[in-house]
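# Descriptive structure summary
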Amino acid sequence: MEQGPVLIVGAGHAGFQLAASLRQHHYGGRIVLINDEAHLPYQRPPLSKAYLKGGGAPDSLMFRPDKFYRDQNIELTADRAAFIDRAAHRLLLASGSFFDYGHLVLATGARNRLLDIPNANLEDVRYLRTLDESEALRQRITQGQRVVVVGAGFIGLEFAATARAKGLEVDVVELGPRVMARAVTAEISAFFEQRHAAAGIRIHFGVQATSIEGDSGRVTGVSLSDGRHVAADLVVVGVGVLPNVELAAEAGLPVGSGIIVNEQLLTSDPNISAIGDCALFDSPRFGASLRLESVQNATDHARCVAARLTGDAKTYDGLPWFWSDQGPDKLQIAGLTTGYDRVVVRGDAGQGSFSAFCYKAGQLVGVESVNRASDHVFGRKILGLNRSITPEQAADLRFDLKAALA
Ligand SMILES: Cc1cc2nc3c(=O)[nH]c(=O)nc-3n(C[C@H](O)[C@H](O)[C@H](O)COP(=O)(O)OP(=O)(O)OC[C@H]3O[C@@H](n4cnc5c(N)ncnc54)[C@H](O)[C@@H]3O)c2cc1C
């Protein structure tokens, strides 16, 4: 059992969950949660969905009211971690103060990758990661405006669908040949391309934004690599994120495309762990190093570290799952849908309800479901138990997925 104090850098999904889980595991030591955002810890997924649409006040996003932190004796510190003195077990903060730690957990998340083209610094070139960014965007998007979204990944498409539903003219610029190409099968891409097009969103594939056009500091459009120019009043950039690894790197901890941790989420320093979006972890389940960006990954990492710090060390072996809401459609993904060699469709994309079952060497590795929650639920259970069903069973709607769990 860790004697503490436990210091947690970053109060996002991972940091918050770790503090809460430590208390659930009856950890009695000091917990300090260092929060560099000017809000109580909050959920990010609604920022590109319900919240952006205009639903609810900022309070509706908070994990817990401030009373929770007082009652649970979790010290929320509004500051930024600046340097780790590993020899002294001390964390220095931007304000100049410091905390000594028994165990330090880096839950620093990720930040937006910035667009590096002329005029990308104009005020109406926006990003969407924080509550402040979402709040500013929801004030900004009003009917009749023209927006260009750079990047057809999850966040770009969620934003595009919301903006279109609010009556904006929406163009999406995507370098790849299909939407969400790095994350989903061609079957899912094709479905969402058709749905977004039917909603009136124009998606331009195989092109890059090469410059933002402006007049007197206002955005007037975006120039594309094929010579075209798309008129716009607003540009929203969703070209991925960079993990916040600098604090770890400056302290001499190994980093790659994330802060490198072992299968227990421990860095090379036995007093420092890393969790969530910032962590590049060894996954025994997949026999690979993974860095994932999802609520499931962040919260399950946190629970695993909370268990270790309270005397129940485990290998982290969670099954990844994820969701994305785009307009009226819900996409849910279980497992890792990369490296597959066969895809089998269950249901009917034409009816707006289907799943893509992904196989690698005959073994089910992932299930992507559109508006088929029960496929997702049972797919997750099957994968979680390291079971499989045959491609023929997956494709046959008469086959009850529950049977695979018996
Ligand atoms: C708009 C949006 C929609 C999303 N939708 C979904 C979804 O539908 N489904 C899903 O599964 N996932 C979704 N995600 C991804 C999910 O929100 C992230 O995977 C999750 O937030 C990761 O949690 P985290 O705690 O690791 O990082 P974060 O939530 O990024 O939190 C890290 C925190 O650490 C802070 N920090 C960084 N450095 C320091 C420092 N030096 N000192 C102090 N604090 C620091 C950051 O400011 C931040 O507050 C979405 C993300 C976004 C942005």
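Above this text you will find the structure in question.
## Let's talk about the overall build of the protein
Along its length, the protein carries ten helices and 26 strands. Burial analysis of the protein (406 residues in total) assigns 42% to the buried set. For the protein, long-range pairs separated by at least 24 residues make up 60% of all intrachain contacts whose partners lie at least 6 apart in sequence.

## A word on the sheet that holds strand β4 (residues 81-85)
With antiparallel pairing, the three strands of this open sheet are ordered in space as β4-β5-β6. Because the sheet does not close on itself, it has two edges, and the strands there are β4 and β6 (98-100). Each neighbouring strand pair of the sheet contributes to a mean axis angle of 20°, computed without reference to strand direction. One ladder, built from four bridges, connects β4 with strand β5 (residues 90-93); its direction is antiparallel. Each bridged residue has a counterpart across the sheet, and for alanine 81 the counterpart in β5 is leucine 93.

## Side note on the site of the ligand
As a structural note, the neighbourhood of the ligand is formed by 35 residues, with Gly10, Gly12, Arg44, Gly109 and Gly276 the closest of them. Elements that contribute at least two residues to the shell around the ligand include exactly α1 (13-24), α8 (295-309) and β22 (321-326). In terms of residue class, the shell around the ligand is made up of 16 nonpolar, twelve polar and seven charged. Formed jointly, the shell around the ligand draws a minimum of three residues from each of two domains, domain 1 (6-44 + 60-111 + 242-309) and domain 2 (125-239).

## A short note on the pairing of strand β7 (residues 103-106)
Along β7, one buried face is formed by His103 and Val105 and the opposite face, lined by Leu104 and Leu106, is buried too. Here four bridges tie strand β1 (residues 6-9) to β7, and the two strands are oriented parallel to one another. Bridging from a neighbouring strand, valine 9 pairs with leucine 106 of β7. Here β7 pairs with strand β19 (residues 272-274) via three bridges, running parallel. Residue pairing for β19: valine 105 is matched across the bridge by serine 273.

## Quick notes on the nonpolar core
Judged by nonpolar contacts, the single largest core of 68 residues is most densely connected at Val147, Val148, Val149, Ala160 and Val235. Here this core gets seven residues from one element, more than from any other, and that element is helix α5 (residues 154-165). Other than its neighbours up to four places away in sequence, valine 235 contacts Asp124, Val125, Arg126, Val148, Val150, Ile212, Val219 and Val222. Ala81, Ala107, Ile275 and Ala302 belong to the second largest nonpolar core, which has 48 residues in total.

## Notes on the pairing of strand β11 (residues 169-174)
Looking down a regular strand, the side chains alternate between one sheet face and the other. Counting buried positions over the six residues of β11 gives five, a clear majority of the element. The pairing of strand β10 (residues 146-150) with β11 spans five bridges and is classified as parallel. If you follow valine 149 over to β11, its bridge partner there is valine 172. Viewed along the sheet, the connection from β10 through α5 into β11 turns out right-handed. Between the parallel elements β11 and strand β12 (residues 202-205), the chain passes through helix α6 (residues 186-198) in a crossover that is right-handed.

## Notes on helix α4 (residues 131-140)
When we look at burial in α4, the residues that qualify are Leu131, Ser134 and Leu137. The arc enclosing the buried residues of α4, seen along the axis, measures out at 130°, which places them on a common side. Elements that come into contact with the buried residues of α4 comprise α2 (50-53) and β9 (125-126).

## Structural notes on the packing of α1 against α8
With their axes 8 Å apart at the nearest point, α1 and α8 run at an angle of 35° to one another. Handedness of the α1/α8 crossing: right-handed. Contacts from His13, Ala14, Gln17, Leu18, Ser21 and Leu22 in α1 reach Val295, Ala298, Thr299, His301, Ala302, Arg303, Val305, Ala306 and Leu309 in α8. In the contact of α1 with α8, the residues fall into nine nonpolar, five polar and one charged.

## Considering the sheet that holds β12
Ordered in space as β9-β16-β10-β11-β12, the five strands form an open sheet in which the pairing is parallel. Across the chains shown, the open sheet's two edge strands, defined by having one partner strand only, are β9 and β12. Bridge analysis of β9 against strand β16 (residues 234-237) gives two bridges, and the strand direction is parallel. Residue valine 125 lies in a different strand from β16, and its bridge partner there is valine 235. Contacts from α5 reach β10, β11 and β16, with the element oriented near 165° to β11.

## Thoughts on α6
The end-to-end C-alpha distance of α6, which contains 13 residues, comes to 18 Å, matching closely the 18 Å that a straight helix rising 1.5 Å per residue would cover. What α6 keeps buried is the set Ile188, Phe191, Phe192, Glu193 and His196. The inward-facing, buried residues of α6 abut α5, β12, β22, β23 (329-335), β25 (353-360) and β26 (363-370). Backbone geometry just downstream of α6 places glycine 200 in the positive-phi region, at approximately 100°.

## A closer look at the environment of leucine 128
When you line up the elements, leucine 128 lands in the loop between β9 and α4. Note on leucine 128: 21 C-beta atoms within 10 Å, which makes it buried. Taking the C-alpha atoms as reference points, leucine 128 and serine 48, 80 residues apart in sequence, are found 7.3 Å from one another. Among all residues touching leucine 128, those that are not within four sequence positions of it are Leu47, Ser48, Glu133, Ser134, Leu137, Ile155, Phe159, Val236 and Gly238.

## Notes on the environment of glycine 15
Take glycine 15: it is sitting in helix α1. Residue classification places glycine 15 among the buried positions, given that 25 C-beta atoms sit within 10 Å. Counting along the chain gives 286 residues from glycine 15 to histidine 301, while the straight-line C-alpha distance between them is 9.8 Å.

What counts as what
- All residue numbers here refer to positions counted from 1 along the written sequence of the relevant chain.
- Reporting in this predicted model follows two pLDDT cut-offs: at least 70 for local features of residues, and 80 or more for side-chain atom pairs to be given and counted; totals over whole chains, interfaces and linings ignore these cut-offs and use all residues.
- By definition, any uninterrupted DSSP run of H or I lasting at least four residues is a helix, any uninterrupted run of E lasting at least two residues is a strand, and each is numbered from the N terminus.
- In this scheme every C-beta is placed from the backbone, and a residue whose C-beta has 20 or more other C-beta atoms within 10 Å is buried, one with 12 or fewer is exposed, and one in between is partly exposed.
- Here the contact rule is simple: place C-beta atoms from the backbone, and any two residues whose C-beta atoms are within 7 Å are in contact.
- Should DSSP find at least two bridges between two strands, the strands are regarded as paired.
- Under this scheme, a helix contributes an axis fitted over its contacting stretch, all axes are lines through C-alpha atoms, and angles between N-to-C directions fall in the 0 to 180 degree range.
- We call a residue near a molecule or strand when the C-beta position, derived from backbone atoms, sits within 6 Å of it.
- Gly is put with the polar residues, along with every residue not named as nonpolar or charged; the nonpolar set is Ala, Val, Leu, Ile, Met, Phe, Trp, Tyr, Cys and Pro, and the charged set is Asp, Glu, Lys and Arg.
- Source of the domain bounds: an automatic or database domain assignment.
- Linking buried Ala, Val, Leu, Ile, Met, Phe, Trp, Tyr and Cys residues through C-beta atoms within 7 Å yields a set, and such a set is a nonpolar core.
- A clockwise course of the path from the first strand over the helix to the second, judged with the strands pointing away from the viewer, identifies a crossover as right-handed.
- Think of the arc as the fan of directions from the helix axis to the C-beta atoms.
- Crossing handedness is read from the near helix: turned anticlockwise from the far helix by less than a right angle, it gives a left-handed crossing, and turned clockwise, a right-handed one.
- By this rule the span expected of a helix is its residue count minus one, scaled by 1.5 Å.

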